[in-house]
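For reference, the chains in residue letters:
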Amino acid sequence: METTTLKKETVRLPESRQPGHFDVEKIRADFPILQRPVYGKPLAYLDNAATTQKPLAVIEAIRRYYNAENANIHRGVYHLSEVATRKYEGARKTVKNFLNAASEKEIVFTAGTTDSINLVAAAYGRKFIKAGDEIILSHMEHHSNIVPWQMLCEETGAKLRVIPINDRGELIFEAYEKLLNERTRLVSIVYVSNSLGTVNPVKEIIALAHQGNVPVLVDGAQAVAHLKVDVQDLDCDFFALSGHKIFGPTGVGVLYAKEKILESMNPYRGGGDMIRSVKFEKTVYAELPHRFEAGTPHIAGVIGLAKALEYVESVGFEAIGAYEKALLEYGQEALSALKKLKLIGTAREKAGVISFVIEGIHPHDIGTWVDRQGVAIRAGHHCTQPVMERYGVPSTCRASLAMYNCKEDFDTLITALHDIIKVFD
Amino acid sequence: MEELKELYQQIILDHNKSPKNYGKMVNCTHASEGYNPLCGDRIKIYAKVENGVIEDIKFEGEGCAIAKASGSIMTALLKGKTVAEAQQLFEEFQHLITSDVRSNVDTEKLGKLAVFAGVREFPTRVKCAGLAWHTVKAAIEKKDEVVTTE
Ligand SMILES: Cc1ncc(COP(=O)(O)O)c(C=O)c1O
């Protein structure tokens, strides 16, 4: 374990690209891990689509909970339990405000995006989706927004329909219009693709589905750290997110669902906390949203998640959006200048993700090579094997950014890529 | 950088660029497919075994430089060897890539295989080096299922 810390020299983006009041140095200072070296080099963490780093405020909130506030919630009459319950329910309010949901009843804490989607597949899907019905997904879904629906289809006899994508990695909207029909029961779509970076026009997708009264689930895992989400403005019926992709802890996430829909769903998992009364003859389920939160939840995780959302809001999405847009453009331009490098995913609307391949060099070799220069990128299929197949590659390299990344992170990556191209030539 | 140079030695880079025994074989007696679920890489091994001797052997598939060089060097080495000798080499190779980084490498005994000693510094890459070997073992032992590195 290296113990020394390295301070990274950050140079500002060129004046024309330096957006408003965004001070990346100040943000970086809030993230302890960014000060540690990797193989003696400053860390250039560019794997934010896999998971993000945590600011001190989040780490401290979790520490404080375990140090001074730990108790189970919704049970004890004693002081600590009241504190823990207040914090847990307070976090729900933070999430409600963050997503601009209409009510706290619409915010269900889960283990993450995967868990949220599985909840909908089980509690909504099993009740309302039958043999012959259709579920529409896109070609760029993460496996977690494919497999739960496949499992449901296998069980019920429903069918999956897939919206194709064009060479840039954008949904073909006309194909979506054609897929929607009177058998469609649900549209489940990713907001920002984790392997292509494409930002999908979810608002338009939702509006069109609603014309036929079809509900829409939005997989927001990759969106929330980059874009302001307003579930009422989007008018989505379900929205799923993971805490760890927005500077919060792993193992915690959110399912937003419209109250009317949640009310109509079957319970998900049975157990404590999701009931009002239990008799062997009959159980009466608890009110929303507790009906969907069986068992002792990840209390510390929920508290950490709320802190992370507060942190992001204190920076503000306007500043984050402008800064990240400039950084993404900088990274894409610099990478495209490399001979033999091909970007995978060149949608007109993108956020956070740059996937690429280099002719003659396997992504794994690239990943290992740049790692030794302190650069963390992902090499693989990114849990989106259908996307890889679409582009005829087994895997790609992926550099994915967050608001604490800087121009130098990309410069280090590009220097390392120059070296490997030379060595492999 | 030193570890990277150890890993990506010129011999490995050369085999990656122009692998030996690369391609399909139609009249093989043994074939097997290997899969690394971590990266999605696939490799196929074809062998023609007669009277317990590997008369011919080929491989094809997607893979990183380490996996490809391993397939190339391995097939070159196994051609003409008996099945028993191949199994012996498999054991030696496995032992090499999973041994402690600080332990000495018997370059005389291992011959060309010694270039893979560098992967010991890179735990995530040991499976890449081993993929071709696991697949050939399955092929000559006539196992039908796809072998994975897991
Ligand atoms: C678009 C998308 N959806 C869903 C997931 C699954 O998230 P989790 O593993 O946190 O449940 C991910 C994570 O990689 C993702 O990128």
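What you are looking at is a predicted structure, and each value in this text was computed from that prediction instead of being measured.

(A) Structural view of the sheet that holds strand β4 (residues 107-110) of chain A. All names here are of chain A. The seven strands lie next to each other as β4-β10-β9-β8-β7-β5-β6, forming an open sheet whose pairing is mixed. Every interior strand has two partners, whereas the edge strands, β4 and β6 (159-163), have only one. Pairwise comparison of adjacent strand axes, ignoring direction, gives a mean angle of 20° for this sheet. In this sheet, strand β10 (residues 253-257) lies alongside strand β9 (residues 238-242) in antiparallel orientation, the contact comprising five bridges. Bridged to leucine 241 within β10 is valine 254. Where helix α3 (residues 79-99) meets the sheet, its contacts fall on β4, β9 and β10, and the angle it forms with β4 comes to roughly 115°. Contacts from helix α4 (residues 113-128) reach β4, β7 (184-190), β8 (216-219), β9 and β10 within the one sheet, and its direction differs from that of β9 by about 155°.

(B) View of the pairing of β10(A). Residue and element names in this part refer to chain A. Counting buried residues along β10, five of its five residues qualify, which places the element largely inside the surrounding structure. Judged by which residues are buried, β10 turns out to be covered on both faces: Gly253, Leu255 and Ala257 on one side and Val254 and Tyr256 on the other are all buried. Pairing of β4 with β10, which is carried by four bridges, proceeds in the antiparallel orientation. Bridging across to β10, phenylalanine 109 finds its partner in valine 254.

(C) Main features of the confidence of the model for chain B. Confidence in the prediction for chain B averages 91 pLDDT; 97% of positions are at 70 or higher. Here the predicted complex carries an ipTM of 0.89, next to a pTM of 0.92.

(D) Structural view of the site of the ligand. Residues and elements named next belong to chain A. Taken together, the residues surrounding the ligand are Thr113, Thr114, His142, Ser144, Val190, Asn194, Asp219, Ala221, Gln222, Ser242, His244 and Lys245. Taking threonine 113, its main chain carries an N or O atom lying 3.5 Å from an oxygen atom of the ligand. For the ligand, an oxygen atom lies 3.1 Å from a polar atom in the side chain of histidine 142. When isolated, the ligand has an accessible area of 390 Å², and the protein chains bury 85% of it. Class assignment of the residues belonging to the shell around the ligand gives a composition of two nonpolar, eight polar and two charged.

(E) Examining the domain arrangement of chain A more closely. Residue and element names in this part refer to chain A. Each domain of chain A was delimited in the assignment, giving domain 1 (24-46 + 316-424) and domain 2 (59-314). Between domain 1 and domain 2, the C-alpha centre-to-centre distance is 28 Å. Taken together, the contacts link 35 residues of domain 1 with 32 residues of domain 2. The junction of domain 1 with domain 2 conceals about 2700 Å² of combined surface from both sides, 58% of it contributed by carbon and sulfur atoms. It is Phe317, Ala351 and Arg390 in domain 1 that bury the most area against domain 2; as a group they hold 24% of the surface buried on that side.

Calculation notes
- Residues numbered from 1 in each chain as written.
- Chains lettered and ligands numbered in written order.
- Predicted model: local features only at pLDDT ≥ 70, side-chain atom pairs only at ≥ 80, totals over all residues.
- Heavy atoms only, no water.
- Pairing = 2+ DSSP bridges.
- Helix = DSSP H or I, 4+ residues; strand = E, 2+ residues; numbered from the N terminus.
- Axes fitted to C-alpha atoms, helices over the stretch in contact; angles between N-to-C directions.
- Contact = heavy atoms within 4.5 Å.
- Buried < 20%, exposed > 50% of the residue type's maximum accessible area, 1.4 Å probe, protein only.
- pLDDT = per-residue confidence, 0-100.
- Near = heavy atom within 4 Å.
- Polar contact = N/O pair within 3.5 Å; in protein donor to acceptor, adjacent residues only side chain to side chain.
- Areas by Shrake-Rupley, 256 points an atom, 1.4 Å probe, with all protein chains shown as cover.
- Nonpolar A, V, L, I, M, F, W, Y, C, P; charged D, E, K, R; others polar.
- Domains from an automatic or database assignment.
- Buried area = accessible area lost by both parts, 1.4 Å probe.

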